[in-house]
Amino acid sequence: MNFVTLNNGLKMPQLGYGVWQVPDDQAATAVAKAIEVGYTSIDTAMIYKNEVGVGKAIKESGVPREELFITTKVWNKDQGYENTLKAFDESLERLGLDYVDLYLVHWPTPQYDQYVDTYKALEKLYHDGRVKAIGVCNFEIEHLERLLNECEVVPVLNQVECHPYLAQNELKEFCAKHNIFVEAWSPLDQGGEVLQDEVIKKIADAVGKTPAQVVLRWHLQNNTIVIPKSVTPSRIEENFNVFDFELSSEQMDEINAINKNRRKGAHPNEMNYRG
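It should be emphasised that the depicted structure is a prediction, and the values quoted were computed from it without experimental measurement. (Residues numbered from 1 in each chain as written. Predicted model: local features only at pLDDT ≥ 70, side-chain atom pairs only at ≥ 80, totals over all residues. Heavy atoms only, no water.)

Draft legend 1. Region of interest: the environment of Thr 44. Here Thr 44 shows up in the loop between strand E4 (41-43) and helix H2 (51-61). Thr 44 sits in the buried class, given a relative accessible area of 0%. A sequence separation of 168 residues divides Thr 44 from Ala 212, and the C-alpha atoms of the two residues are 21 Å apart. Not counting residues up to four positions away in its chain, the partners in contact with Thr 44 are Val 19, Asn 50, Glu 51, Val 54, Thr 71, Thr 72, Lys 73 and Leu 95. (Helix = DSSP H or I, 4+ residues; strand = E, 2+ residues; numbered from the N terminus. Buried < 20%, exposed > 50% of the residue type's maximum accessible area, 1.4 Å probe, protein only. Contact = heavy atoms within 4.5 Å.)

Draft legend 2. Molecular detail of the pairing of strand E6 (residues 100-105). Counting buried positions along E6 gives 6 out of 6 residues, so the element sits mostly inside the fold. Inspection of the sheet shows strand E5 (residues 69-74) paired to E6 by 4 bridges, in the parallel sense. Residue pairing in the sheet places Thr 72 in a bridge with Tyr 103 of E6. Regarding topology, helix H3 (residues 81-95) serves as the crossover connection from E5 to the parallel E6, and that connection is right-handed. (Pairing = 2+ DSSP bridges. Right-handed = clockwise from strand over helix to strand, strands pointing away.)

Draft legend 3. Highlighting the pairing of strand E7 (residues 131-137). Where burial is concerned, most of E7 is hidden: 6 out of the 7 residues are buried. Two strands pair when backbone bridges link them, and E6 and E7 are joined in this way by 5 bridges, in the parallel orientation. The residue of E7 that forms the bridge with Leu 102 is Ala 133. For the crossover from E6 across helix H4 (residues 115-127) to E7, the handedness is right-handed. Sheet topology note: the E7/strand E8 (residues 157-161) ladder contains 2 bridges and is parallel. The residue of E8 that forms the bridge with Cys 137 is Gln 159.

Structure follows, in C-alpha cells:
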C-alpha cells in the first residue's frame, strides 16, 4: 500500500474502497472482503444508506480501529452549521464508531450557499477531536477559494469525478498549489468507455495487466487518491493489485492525451439536489 501525508500530517492510504451504490445488506459482506484483501481505507456517506453495513464489517473485521481509515460525508439536505453537527452524530451512531478519520462536505450546492457554514461545522468537529481530518467533495476552484478566504482549516482533499476522460488538470493544479489532495470518485469511468479505450487496452497488453489496473496505476502515479468500487470479490482483489508494476513516462503521457473533459456525473455548479 502507498500512503500519502495530508496537509495536517495525517497519513492516508492512497488506494481505498468505495461503497457508493452498495446496498446496506451487501455492504457488510463487500467491506469485509475488501478488508480481507488488504484495504484499510473505506469511503462511505450518509446518502449511500450503507453506514450501518460498513460499521458492521468494521466491527467484525478484527482489525484494530486505529489501523483503519474511515471516511463519511454530510449530505446536501443536512447543510448548515447546526444541521451538519447533528448529521455527524447520526452518521457516527450508524457506523458504531467514536470518531471518523475524514469527514467531507458532499457537494457545494451553490444555489443554497451554505457550504461555508457547513465547512465551519466540520472545523468545529476537527478542533474537538471528533474527526482527524476534514475536506470536501465536488468543489470547483471558485468554491475552494471561498473556503480558503473565509475558513481557517485548509481542506485535506477534494474528492471529485476523475478518470482519463476527465483528467481535472486545472483543478489538480490549483489543489496542488494549496496542498490539497485530489481524490478520484468514478476512477474507472464507472466501468465505461475508458476501459475499452484502445490506448488503455494497448498499454494493458504491454504491461500484462487489466485495463482497470492500468487506469488505477495512472491515478496513483499522478499523485491522486483513488477509491474504486466493486462488489465482485475477484474485482475487489484485481483493483488492489496495482502496486507490483509501474507505467513508463511515455505510457503516462499516452493516457494523459486521451482526456476529453467529459463528465459522467453532474457538474458541481448544477448539482443542487437536496432529496
